[in-house]
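As a plain string of letters, each chain reads:
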Amino acid sequence: MLSKRVEAILNAQVEKEGYSSNLYLSMASWAETKGYSGMATWLYAQADEEKMHMLKLVGYINERGGHAIIPAFKQPPVEHGSVQEMFEAVLKHEKLVTKSINDIVALCEQEKDYTTHNWVQWFVTEQIEEEASANEILDKLNLTDGKNLYMFDRDIMSLRGKED
Ligand code: FEO
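Just so it is clear, the structure is predicted and the values come from calculations on it, not from any experiment.

Assigned secondary structure in the chain consists of six helices and zero strands. Listing every helix and strand of the chain by position from the N terminus yields α-α-α-α-α-α. Against the compact-globule benchmark of 15 Å for 164 residues, the chain has a radius of gyration of 17 Å, which places it among compact chains. By principal-axis analysis of the C-alpha atoms, the chain measures approximately 55 × 25 × 25 Å.

Below is the structure:
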């Protein structure tokens, strides 16, 4: 059985993962309208992954005697100044998610909830991948100097190789 505090922080994470999914969906749509079909594919896949993260939390909360709440999500940004700015926003967002996962780990320790502590390690590992993946994209983008985005767009899906 989850304590009220652990249930609340896991429900807060449901909101964060669901928002992440919508954020990447919104970015995918923006990229698609700009003709960046490779980036759009990457971002749509990322949005699906985030939805899977949300569902993982929902399943766990309910399985452990809590009640997963599906909240309203705020509107993600519609426009991006550039591809670079958009992927910088991805990295910044993933760092925030990592911080919130670490807060869950810390609360589990306080509450002596070693079951959830163990369960949430999957997300700890996942966040290493998520940040590494965003960093790798930014490194590649820096190589383009904002030019030749055609090649970048064509090749971006190969950067997902190790995740899927
Ligand atoms: Fe589910 Fe990208 O954090």
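There's plenty left to go through after this.
As a further point, take helix 3 (residues 83-110). For helix 3, with 28 residues, the first-to-last C-alpha span of 41 Å sits near the 40 Å given by 1.5 Å per residue. Taken from the residues just after helix 3, Lys-112 is the one with a positive phi, measuring 55 degrees.

For the rest of this paragraph, the subject is helix 2 (residues 37-63). Between its terminal C-alpha atoms helix 2 stretches 39 Å, which fits the 39 Å expected from 27 residues at 1.5 Å a residue. Gly-65 sits one or two residues past helix 2 and shows a positive phi near 85 degrees.

Looking at where Tyr-60 falls in the secondary structure, it is placed in helix 2. Considering only alpha carbons, one finds Tyr-60 and Pro-77, 17 residues apart in sequence, at a separation of 30 Å. Residue contacts for Tyr-60: discarding those within four places in its chain leaves Leu-2, Leu-10, Thr-115, Thr-116 and Trp-119.

Residues Leu-43, Val-83, Phe-87, Ile-137, Leu-141, Phe-152 and Ile-156 are the most contacted members of the largest nonpolar core, which totals 25 residues. Looking at this core, the elements with two or more residues in it are helix 1 (4-33), helix 2, helix 3, helix 5 (121-144) and helix 6 (149-155). No other element matches helix 1, which puts seven residues into this core. Among all residues touching Leu-141, those that are not within four sequence positions of it are Val-83, Gln-84, Phe-87, Gly-146, Leu-149 and Phe-152.

Further remarks concern the packing of helix 2 against helix 3. Remark: helix 2 packs on helix 3, axes separated minimally by 13 Å, with the N-to-C direction vectors making an angle of 15 degrees. Viewed along their axes, helix 2 and helix 3 adopt a mutual orientation that is roughly parallel. By crossing handedness, the relation of helix 2 to helix 3 is classed as left-handed. Together, Met-39, Trp-42, Leu-43 and Glu-50 of helix 2 and Val-83, Met-86, Phe-87 and Glu-94 of helix 3 make up the contact between the two elements. Considered class by class, the residues forming the contact of helix 2 with helix 3 number six nonpolar, no polar and two charged.

Moving on: the side chain of Asp-153. Within the element layout of this structure, Asp-153 appears in helix 6. We note that Asp-153 is buried and unpaired, the nearest opposite charge coming from Arg-154 at a distance of 8.7 Å. A distance of 2.8 Å separates a polar side-chain atom of Asp-153 from the backbone nitrogen of Met-39.

Let us look at the packing of aromatic side chains. Tallied over the entire structure, the rule returns five aromatic pairs. Here Phe-87 and Phe-152 contribute two aromatic rings whose centre-to-centre distance is 6.3 Å and whose plane-to-plane angle is 75 degrees, an arrangement assigned as edge-to-face. Here the residue Phe-87 occupies a position in helix 3, and Phe-152 occupies one in helix 6, the gap between them amounting to 65 residues. Across this residue pair, the class does not change: Phe-87 and Phe-152 are buried. An aromatic cluster is built from Tyr-60, Trp-119, Trp-122 and Phe-123, whose rings are joined through pairwise contacts.

Scoring rules and cut-offs
- Residues numbered from 1 in each chain as written.
- Predicted model: local features only at pLDDT ≥ 70, side-chain atom pairs only at ≥ 80, totals over all residues.
- Heavy atoms only, no water.
- Helix = DSSP H or I, 4+ residues; strand = E, 2+ residues; numbered from the N terminus.
- Rg over C-alpha atoms; globule rule 2.2 N^0.38 Å.
- Expected span 1.5 Å × (residues − 1).
- Contact = heavy atoms within 4.5 Å.
- Core = buried A, V, L, I, M, F, W, Y, C linked by side-chain atoms within 4.5 Å.
- Buried < 20%, exposed > 50% of the residue type's maximum accessible area, 1.4 Å probe, protein only.
- Axes fitted to C-alpha atoms, helices over the stretch in contact; angles between N-to-C directions.
- Parallel < 35°, antiparallel > 145°, perpendicular 65-115°, else oblique.
- Left-handed = near helix turned anticlockwise from the far one by under 90°.
- Nonpolar A, V, L, I, M, F, W, Y, C, P; charged D, E, K, R; others polar.
- Lys, Arg positive; Asp, Glu negative; His and termini not counted.
- Salt bridge = Lys/Arg side-chain N within 4 Å of Asp/Glu carboxyl O.
- Polar contact = N/O pair within 3.5 Å; in protein donor to acceptor, adjacent residues only side chain to side chain.
- Phe/Tyr/Trp six-rings, centres within 6.5 Å; stacked < 30°, edge-to-face > 60°.

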